[in-house]
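Structural overview
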Amino acid sequence: QVQVVESGGGLVQAGGSLRLSCVASGRTFTTYAMAWFRQAPGKEREFVAGITWRGGSTRYVDSVKGRFTISRDNAKNTVYLQMNSLKPEDTAAYYCNKDPPAVDYWGQGIQVTVSS
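Rules behind the numbers
Residues numbered from 1 in each chain as written. Predicted model: local features only at pLDDT ≥ 70, side-chain atom pairs only at ≥ 80, totals over all residues. Heavy atoms only, no water. Pairing = 2+ DSSP bridges. Helix = DSSP H or I, 4+ residues; strand = E, 2+ residues; numbered from the N terminus. Axes fitted to C-alpha atoms, helices over the stretch in contact; angles between N-to-C directions. Salt bridge = Lys/Arg side-chain N within 4 Å of Asp/Glu carboxyl O. Phe/Tyr/Trp six-rings, centres within 6.5 Å; stacked < 30°, edge-to-face > 60°. Buried < 20%, exposed > 50% of the residue type's maximum accessible area, 1.4 Å probe, protein only. Core = buried A, V, L, I, M, F, W, Y, C linked by side-chain atoms within 4.5 Å. Contact = heavy atoms within 4.5 Å.

Let's talk about the sheet that holds strand S7 (residues 68-73)
Sheet strands line up and pair through hydrogen bonds in the backbone, either parallel or antiparallel. Strands sit in the order S1-S3-S8-S7 across an open sheet of four strands; the sheet is antiparallel. Each edge of the sheet is formed by a strand with only one pairing partner; in this case those strands are strand S1 (4-7) and S7. Here the average twist between neighbouring strands, direction ignored, is 15°. When strand S3 (residues 18-24) meets strand S8 (residues 78-83), the two strands line up antiparallel, connected through six bridges. By the bridge assignment for S8, Leu18 is matched with Met83.

Looking at the pattern of salt bridges
For the structure shown, the criterion picks out five salt bridges. Taken together, the shared-partner salt bridges connect Arg38, Glu46, Arg67 and Asp90 into one network.

A closer look at the packing of aromatic side chains
Applying the stated rule across the entire model yields four aromatic pairs. Pairing Tyr32 with Tyr105 gives two aromatic rings, centres 6.0 Å apart and planes at 85°, and the pair type is edge-to-face. Remark: Tyr105 occurs in the loop between strand S9 (92-98) and strand S10 (110-115) and Tyr32 occurs in the loop between S3 and strand S4 (34-39); sequence separation between them is 73 residues. Note on Tyr105: relative accessible area 2%, which makes it buried. Between Tyr95 and Trp106, the aromatic rings sit 5.9 Å apart at their centres with planes inclined by 85°, giving edge-to-face as the arrangement. Linking Tyr95 in strand S9 with Trp106 in the loop between S9 and S10, this pair joins segments that are 11 residues apart in sequence. Taken together, Phe37, Phe47, Tyr95 and Trp106 form an aromatic cluster joined through their ring pairs.

Considering the sheet that holds strand S5 (residues 46-51)
In space, the six strands of this open sheet follow the order S2-S10-S9-S4-S5-S6, with mixed pairing throughout. The sheet terminates laterally at strand S2 (10-13) and strand S6 (58-60), the two strands that pair on one side only. The sheet shows a mean angle of 25° between the axes of neighbouring strands, direction not considered. Bridging between S5 and S6 involves three bridges; their strand directions are antiparallel. Each residue of the ladder has a partner; that of Ile51, found in S6, is Thr58.

Comments concerning the nonpolar core
Grouped together as the largest cluster of nonpolar side chains are 28 residues, with contacts concentrated most on Trp36, Val48, Phe68, Ile70, Leu81, Met83 and Tyr94. Of all the secondary structure elements, the ones that give two or more residues to this core are S3, S4, S5, S7, S8, S9 and S10. Residues in contact with Leu81, not counting those within four places in the same chain, are Leu18, Arg19, Leu20, Trp36, Val48, Ala49, Phe68, Thr69, Ile70 and Tyr94.

Structure follows, in structure tokens:
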């Protein structure tokens, strides 16, 4: 059974940084494009950043371009999201999944709260 576990969230002041990690089980992890998504209270879940299976190409939602960086280490089955210059509007639960997302691949997510 495929499983992902997100970590690295927490409470940070505006302008601060956090690094999220997502460890995925399964030997086929390296064949998947992966992405980070987020869901703020009362809002739909949205795409944040994606990375191809080799890590050679990335894409971002406009609101995080220049502030967030997605990367991956296939040897560790891990995807990262480095978040800098955080804003209160980045407050949300963050999830990793395949890109495009698979219904059976959602983890529990990790909360990121940015105070003003």
